[in-house]
Amino acid sequence: MSERIAISVTVNGVVRQAEVEPRLNLADFLRDHLRLTGTHIGCEHGVCGACTILFDGATARSCLMFAVQADGHAVTTIEGVASPDGTLHPIQAALSAHHGLQCGYCTPGVVITLLELQRERDGTPIQETELRHALSGHLCRCTGYQGIVDAALDVL
Amino acid sequence: MAFEYAPVPLMNTPAPLFGQSIRRLEDDALLRGKGRYIADIALPGMLHATFLRSAVAHGRLLSIDVSAAEALPGVHRVFTYADLRPSLTCDRIPLAMPSGAIRFDVDPYVLAKDEVCHVGEPIALVIADSRAIAEDAFGLIGVEIESLPAIVDPRLGLADGAPQARLDCKDNLVARMTAQYGDADHAFAHAAHVVDAQFHLHKGGGHSIETRGVVARFDAEERLLTLWDSTQMPHQAKRMLVKTLGLDESQIRVIAPDVGGGFGPKFVFHPEELAIAAAAMLMRAPIRWIEDRLENFTATTQERDQYWQISAAADADGRLLGIRGRLIHDHGAYTPYGVALPYNSATNLLGPYVLPNYRLDISLCLTNLIPATPTRGAGRPQGTFVMERLLDRLARKTGLDRAEIRRRNLISPDQMPYRTGLTTRDGGAMIYDSGDYVESQRRALNFAQWDDFETRRQAARKEGRYLGIGLANYVEGSGRGPFESASVRIGPSGKIVVTTGAAAQGQGTVTMLAQLVADVLGVRPETINVIAGDTAASPLGLGAFASRQAVTAGNAAHRAASIVREKILQVASSWMEVSAEDLELADGRVRIKGAPQMGRTFAEIAGALDGMPGYALPAGTSPGLAAANDYQPSALTYCNGTHVAEAEVDPATGVVRLTRYTVVHDCGRLINPMLVDGQVIGGVVHGIGSTLYEMMIFGEDGQPQTGTYADYLLPTADVVPRIAVHHMESPTNLNPLGIKGAGESGTIAASAAVTAAVEDALREFGVEIGELPITPSRLFALLKAAR
Amino acid sequence: MKPAPFRYHAPRSRADLLALLAELDDSRLLAGGQSLVPLLNLRLAGPANLIDLNTVPGLDGIEMHGDTLRIGAMARQRTAEHSSLIKMRCPLLAEALGHVGHQQTRNRGTIGGSIAHMDPTAELPVVASVMDATLWLDSTRGTRSLPFADWSAGYLATQIAPDEVLTRIEFPCWPAGHGWGFAEVTRRGGGFAMVAAAALVLRDAAGAIARAAIAIGGLGATAVRGTAAEALLIGHAPGDAPISDAAASAASLPAESDIYAPSDYKQHLAGVLTERTLLQAIQRSGTHV
């Protein structure tokens, strides 16, 4: 077993401290050490998008980062998206209203990307082509993307 | 015993929820990241497993030395076949399905015994403190394999003198069968038009975004094995474990937790499910194995190659006289799913058309590749593809419009029920129960503005763009039996609990069942707890395959709820001394019509039926407010539809872009149109993937060349067109609710429609597409040859 | 699919970084990780030491120095894509960046990481080639630069020494009014390219083509220049530029087959994309010079 390194990461606004092996990826750290299992692993090579989180406010594949790299940084996962009072974020609610999820496995990553898009657009309406391009970094085998696209067009 | 086609009276449509697009009960937890998938399950003291897999496609396993690996700190144990065999009742996992056509069943071993037959076949099982450590051990396991020739192309595998794909099978022809009726040769002898074609059809894997996974825990005191399994078929998994581990039914519980997509491969019981269960019993510790994506590419069953040589004969008016030909099917290294896949291709070829004569000779070849088993569509898209491409070629030959030649051949509604000349794979007559195929095509052409297309084509052509349009009709036999179970129980808490042997992987099964039961019992669906996919909750069950769960579990749950309703009315009528006709169910109560304050809660009624020691039950009823039903469909019910695709093709690069997509879909009565739309659209996109992008490539040595999603391409949001779905509702009279399956049907016509559109866009070049997927380089090669 | 064990190093200064590189055997530099970490996860790479560049300050600047755009190797692809400076002075680079991976990978992926990884079908090497970029390398032995044309050392390999780090890439910007074109053919939408091409065109006061540059990626291990095609264009007015001859010239560049595209198809695409990017570049070019 290799050395362990102490890290301090702000996850969904809460400072979390741990000692981790360098090879532990950030997705596994969130899932297995912090038990935030909403961040899913689908490919471990950065293509499927299920593990997408916000890293210092920008989307990132958590399977392509090591937990040690998050030391001193801020991470937002799906568990930090709804309001503290439990109200779903409008993006989450729209996905349900438009049947933008079926098995739900890709959903947390999709929500995170839509959060980033919403922030970046800041009220400027998005064209469907541009939206689909932004979503092309997520693989969904269930929905054919249409419900996701409709949900996003509804709230962005 | 064969099924008998037996119509039943159609119920009046329940109300008020039936037919409404209510939101899914599943969504809230999933949207919050609070789903519980297999990899989310963590048990105290849990160890982690990985499988050392064969790096060669075919070889004789000479020796395995695990001593150095077992000495690695953090490694608990390395199991080989010899280590696990004493815990098992049999050498091989008895997966074989009954089929007269199979010449020899080739069931897999739990781990390779003395021969490896495909890259990715499990050889050794490493148990360690973490997945990472278990992978560290791989390099320390000494495996000696004598390489043997590999069969990769089934056509070569069937040639005289071909090497054996397996040393335990004397040749590679694992099954041969003929689907036929009438006299095809006679039909060809008298035909005005004949077209001949060859097709090499490839269909890819299931590719649920969640891979497979198993968590097993054995409680030695209770002698209870609990297996959490990312499966479509928990009851099937339990049956296999009972057979192979020598435990009885009370000692095994299989739970499918939230499952992140199925699409076919999770139907199949894979060796890892048994290996992890056996290891947990031997180790006396919970063990988790989560397949990684590379394993998913090399060890999860997939659909693959079919080679068709096929001809169609028609009379002078373009009416089909006969189809005959030969199909060679790449079956892979084992036979975990019988002959269903190519048989579905053969039967679905008929489609919604009158075909008087038919003969298809089917050969299944063992290869040194991953076993081929159904993925969404299950061989049907290939059959539909072949029929629809033949019709387009006949249209060209006869000069008829592609829609017109289909219209002339469609089965008309007054021919329903329509008996085809074939039997289904479970032995029953293949009978289309209902549907208006002519109207389906008419509406689809109308919605897709088929008649105006030439104007659009010409306008685009002036801009230098090449547009094409394609059309395909299909049917799908859905709701396969023999049964599905459901129970509805209300205890003294008043909570309504529905259990079922159905299993959900995203279809919305929980919502669908809650919606049906809520209508019967007059409650809101969110007050109902639906438990699916747990063998402890439902002693009998089958699970998810063949677009069947709304039909089978839906009717079972509806029937069970109706019995519970009758019991509520009976007890309340007796207690309240009013006639049952004067009572109604609403908001979890039974009450007097017109006097809603006069009533009893379900909890009160359930409490009374729960029994008090020594006191009689009310109104002479039987104990418990519960009912169970095992719904047994008498035959398949056939959904149908029409797809129209429009594509733009860049002849300079071979790049295809889909611009429009129209579906008319008829699955009988719709329980929840939103869910059906989701199934259809998802299915279409899966079909688009098979047609344009997904290609599992192997080298001549059987090495997979596509093991990541950078190599193997799934359709993404930017290449998928908006898909317009229009419903028709032709109820079936094969089940009381009048419903048909919808889970796979979107997939079935997509390849045919898209290919037709691409060919049409390039019609001035005279390109004929015979190979899927249609990649840019393949299209370029066709264009180059045509020029 | 978990990486083999490695030691992790997080240097806090350039000096620390260079010292680590000089001292450690068997090390890999971790930039954005979008190409390296998949290889680690798949155990196709397994260095004993991983040196994280993300903790080293000052490697991510984007600035003009005269007419040269200097981009720190650790500048994120998405930062560069949205940089108004780059959009204004080097619009080709901004456009090409839109094709790199996906939004979620561009947030982490770096300019230097892509140039150092040298995926044969990557977009940034095509831009570096067509712009005659200069690469700057540091080590305790000193600083050196080399032109992009000399960078490749075969498939997924470069001239970087084991103790060196790529610190910045310099793109000599073309004068205002130059035209640019970028296009690629992928197997699926915005996915990986099979062949990618970039073109730059500058017209003189009379409107004739004074300078032209064409680069093609995906044909072999590295992006290559269509120098013969470029030469054909010089001196021609846009209307009578021998575009199809230039395309034919590009289509004769050598190409290697892979499992997705045979060499004849790649060569054909080189021609098609040369034509398309040249037309685009000419259309976008002005005559302000």
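Just so you know, these numbers come straight off a predicted model, no measurement behind them.

Chemist: Report on the overall build of chain C, specifying residues and quantitative values.
Modeler: What chain C contains, in helices and strands, is 11 helices and 12 strands. Whereas a compact globule of 289 residues would reach a radius of gyration of roughly 19 Å, chain C reaches 19 Å, a difference of no more than 12%. Each of the three principal axes of chain C carries a C-alpha extent, and together these read 60 × 45 × 30 Å. Here chain C holds 289 residues, and the buried ones make up 57% of them. Across chain C, contacts joining residues at least 24 apart in sequence account for 64% of those joining residues at least 6 apart.

Chemist: I'd love a proper account of the overall build of chain B, names of residues and values included.
Modeler: Of the regular secondary structure elements, chain B holds 21 helices and 28 strands. Against the compact-globule benchmark of 28 Å for 787 residues, chain B has a radius of gyration of 28 Å, which places it among compact chains. C-alpha atoms of chain B, sized along the principal axes, occupy 90 × 70 × 50 Å. Split into buried and exposed, the 787 residues of chain B put 60% on the buried side. Restricting the contact set of chain B to residue pairs at least 6 apart, pairs at least 24 apart contribute 81%.

Chemist: Requested: an account of the nonpolar core, with residues and values cited.
Modeler: In terms of nonpolar packing, the biggest core is built from 401 residues, with Val126(B), Leu513(B), Val517(B), Ala557(B), Ala753(B), Val195(C) and Ala197(C) touching the most fellow members. It is helix α16 (residues 549-576) of chain B that contributes the most residues to this core, 11 residues altogether. Those residues within four positions of Ala557(B) in sequence are excluded, and the remaining contacts are Ala486(B), Val488(B), Val498(B), Thr500(B), Leu513(B), Leu516(B) and Val517(B).

Chemist: Let's hear about the interface of chain A and chain B: which residues, and what values?
Modeler: Opposite the 44 residues of chain A that make contact, chain B presents 46 residues. Secondary structure elements with two or more residues in the side of chain A that touches chain B: α2 (90-97), α3 (107-121), α4 (128-135) and α5 (146-155) of chain A. The element that contributes the greatest number of residues to the side of chain A that touches chain B is α2(A), accounting for 4 residues. Looking at the side of chain A that touches chain B residue by residue, the class counts come to 22 nonpolar, 17 polar and 5 charged.

Chemist: So what's going on with the sheet that holds strand β3 (residues 49-52) of chain C? Residues and values would help.
Modeler: Residue and element names in this part refer to chain C. Taken together, the 3 strands give an open sheet; going across it, the order is β1-β3-β2, and neighbouring strands pair in parallel fashion. Two strands bound the open sheet, and with one partner strand each, they are β1 (7-9) and β2 (27-30). Direction aside, neighbouring strands of the sheet carry axes that sit 25° apart on average. Relative to β3, β2 runs parallel, the two sharing 4 bridges. Considered in β3, the bridge of leucine 30 is made with aspartate 52.

Chemist: Break down the sheet that holds strand β3 (residues 75-79) of chain B for me, with residues and values.
Modeler: Residues and elements named next belong to chain B. Sheet architecture is open: 7 strands sit in the order β3-β5-β1-β12-β9-β10-β11, paired in mixed fashion. Across the chains shown, the open sheet's two edge strands, defined by having one partner strand only, are β3 and β11 (252-255). Going from strand to strand, the sheet's axes swing by 20° on average, the running direction of each strand aside. Pairing analysis gives 6 bridges linking strand β1 (residues 47-53) to strand β5 (residues 122-128), with the strands arranged antiparallel. Note on β5: the bridge partner recorded for threonine 50 is valine 126. Lying over the sheet, helix α7 (residues 234-245) contacts β10 (224-229) and β11, oriented at roughly 150° with respect to β11. Strands in contact with helix α8 (residues 271-283) are β1, β3, β5, β9 (213-219), β10 and β12 (287-290); relative to β9, the strand with the most contacts, it is inclined by about 30°.

Chemist: Any details on the interface of chain C and chain B? Residues and values, ideally.
Modeler: With 19 residues of chain C in contact, the opposing surface of chain B contributes 22 residues. Of all the elements, helix α11 (residues 263-284) of chain C adds the most residues to the side of chain C that touches chain B, at 4 residues. Of the residues in the side of chain C that touches chain B, the class split is 12 nonpolar, 4 polar and 3 charged.

Chemist: Tell me about the packing of α4(A) against α5(A), residues and numbers included.
Modeler: Residue and element names in this part refer to chain A. Two numbers describe how α4 lies on α5: the axes approach to 10 Å, and their chain directions differ by 120°. On the basis of their axis angle, the class for α4 and α5 is oblique. Note that α4 runs across α5; the crossing there is right-handed. Note on element contacts: α5 touches α4 through Ile148, Val149, Ala152 and Leu153, opposite Glu128, Leu131, Arg132 and Leu135. Counted by class, the contact of α4 with α5 contains 6 nonpolar, no polar and 2 charged residues.

Chemist: Before we move on, can you summarise the packing of α16(B) against helix α17 (residues 602-610) of chain B with the specific residues and values?
Modeler: Helix-helix packing: each pair is described by the crossing angle between the helix axes and the interaxial distance. All names here are of chain B. Look at α16 against α17: their axes get within 11 Å of each other, and the N-to-C directions meet at 85°. On the basis of their axis angle, the class for α16 and α17 is roughly perpendicular. Residues Ile568, Val571 and Ala572 of α16 form the contact with α17, whose participating residues are Phe602, Ile605, Ala608 and Leu609. Split into classes, the residues belonging to the contact of α16 with α17 amount to 7 nonpolar, no polar and no charged.

Chemist: Can you break down the pairing of strand β2 (residues 59-65) of chain B residue by residue, with the values?
Modeler: Residues and elements named next belong to chain B. Here β2 pairs with strand β4 (residues 115-116) via 2 bridges, running antiparallel. Across the sheet, residue glycine 59 finds its bridge partner in β4, namely valine 116. Note: β2 against strand β6 (residues 142-147), 6 bridges, orientation antiparallel. Within β6, the residue paired with glycine 59 across the bridge is serine 147.

Chemist: Which residues make up α4(A), and what values go with them?
Modeler: Those residues of α4(A) that sit buried are Leu131(A), Arg132(A), Ala134(A) and Leu135(A). Viewed along the axis of α4(A), the buried residues span an arc of 160°, placing them on a single side of the element.

Chemist: Tell me about the confidence of the model for chain C, and name the residues and values.
Modeler: Chain-level statistics for chain C give a pLDDT mean of 97 and a share of 99% at 70 or above. Model confidence for the complex is summarised by a pTM of 0.97, with the ipTM given as 0.98.

Chemist: Lay out the pairing of strand β15 (residues 358-366) of chain B with the relevant residues and their values.
Modeler: Residues and elements named next belong to chain B. The element β15 is extensively covered by neighbouring structure, given that 7 of its 9 residues are classed as buried. Pairing between strand β7 (residues 173-181) and β15: 8 bridges, direction antiparallel. Among the inter-strand pairings, alanine 179 is bridged to a residue of β15, identified as leucine 360. One ladder, built from 9 bridges, connects strand β14 (residues 320-332) with β15; its direction is parallel. Of the residues in β15, the one forming a bridge with aspartate 330 is cysteine 365. On the question of chirality, the crossover connecting β14 to the parallel β15 by way of helix α10 (residues 340-348) is right-handed.

Chemist: Help me get a handle on unusual backbone geometry, residues and values and all.
Modeler: Residue Pro16(B) follows Ala15(B) across a cis peptide bond; omega there is 0°. With respect to the secondary-structure elements, Pro16(B) resides in the segment before α1 (27-31). Gly481(B) connects to Pro482(B) through a cis peptide bond whose omega is 10°. The residue Asp122(A) is not glycine, and still its phi comes out positive at about 50°. Note that Asp122(A) resides in the loop between α3 and α4. With a phi angle near 45°, Ser547(B) is a residue other than glycine that sits in the positive phi range. Inspection of the secondary structure puts Ser547(B) in the loop between β21 (528-532) and α16.

Chemist: A description of the environment of His98(A) should follow, citing residues and the corresponding values.
Modeler: All names here are of chain A. When you line up the elements, histidine 98 lands in the loop between α2 and α3. Overall, histidine 98 belongs to the buried group, with 22 C-beta atoms counted inside 10 Å. Beyond its immediate chain neighbours, meaning those up to four positions away, histidine 98 contacts Gly147, Asp150, Ala151 and Asp154.

Analysis parameters
- Throughout, a residue's number is its position along its own chain's written sequence, starting from 1.
- Whichever chain is written first is A, and whichever ligand is written first is 1; the rest continue in order.
- Thresholds applied to this predicted model are a pLDDT of at least 70 for local features of residues and 80 or more for the giving and counting of side-chain atom pairs; totals over whole chains, interfaces and linings are not thresholded and use all residues.
- Helical segments are the DSSP runs of H or I of at least four residues, strand segments are the runs of E of at least two, and each set is numbered from the N terminus.
- C-alpha atoms define the radius of gyration in this analysis, and the globule rule sets the expected value at 2.2 Å times the number of residues to the power 0.38.
- The burial criterion counts other C-beta atoms lying within 10 Å of a residue's C-beta, which is placed from the backbone; the residue is buried at 20 or more, exposed at 12 or fewer, and partly exposed between these limits.
- We call two residues in contact if the C-beta atoms placed from their backbones are at most 7 Å apart.
- Nonpolar cores are built from buried Ala, Val, Leu, Ile, Met, Phe, Trp, Tyr and Cys residues. These are joined into a set through C-beta atoms within 7 Å.
- Here the term charged refers only to Asp, Glu, Lys and Arg, the term nonpolar to Ala, Val, Leu, Ile, Met, Phe, Trp, Tyr, Cys and Pro, and the term polar to all other amino acids, Gly among them.
- DSSP-based pairing: two strands are paired if at least 2 bridges between them are found.
- To get an axis, a line is fitted to the C-alpha atoms, and for a helix only the part in contact is used. The angle between two axes follows their N-to-C directions and goes from 0 to 180 degrees.
- Angle categories: roughly parallel below 35 degrees, roughly antiparallel above 145, roughly perpendicular from 65 to 115, and oblique for all the rest.
- Here is the rule for handedness: rotate from the far helix to the near one, and if that takes an anticlockwise turn smaller than a right angle the crossing is left-handed, while a clockwise turn gives right-handed.
- Within this analysis, the arc is defined by the directions that extend from the helix axis to the C-beta atoms.
- pLDDT measures the predictor's confidence residue by residue and takes values from 0 up to 100.
- Here, the term right-handed applies to a crossover whose path from the first strand over the helix to the second runs clockwise when the strands point away from the viewer.

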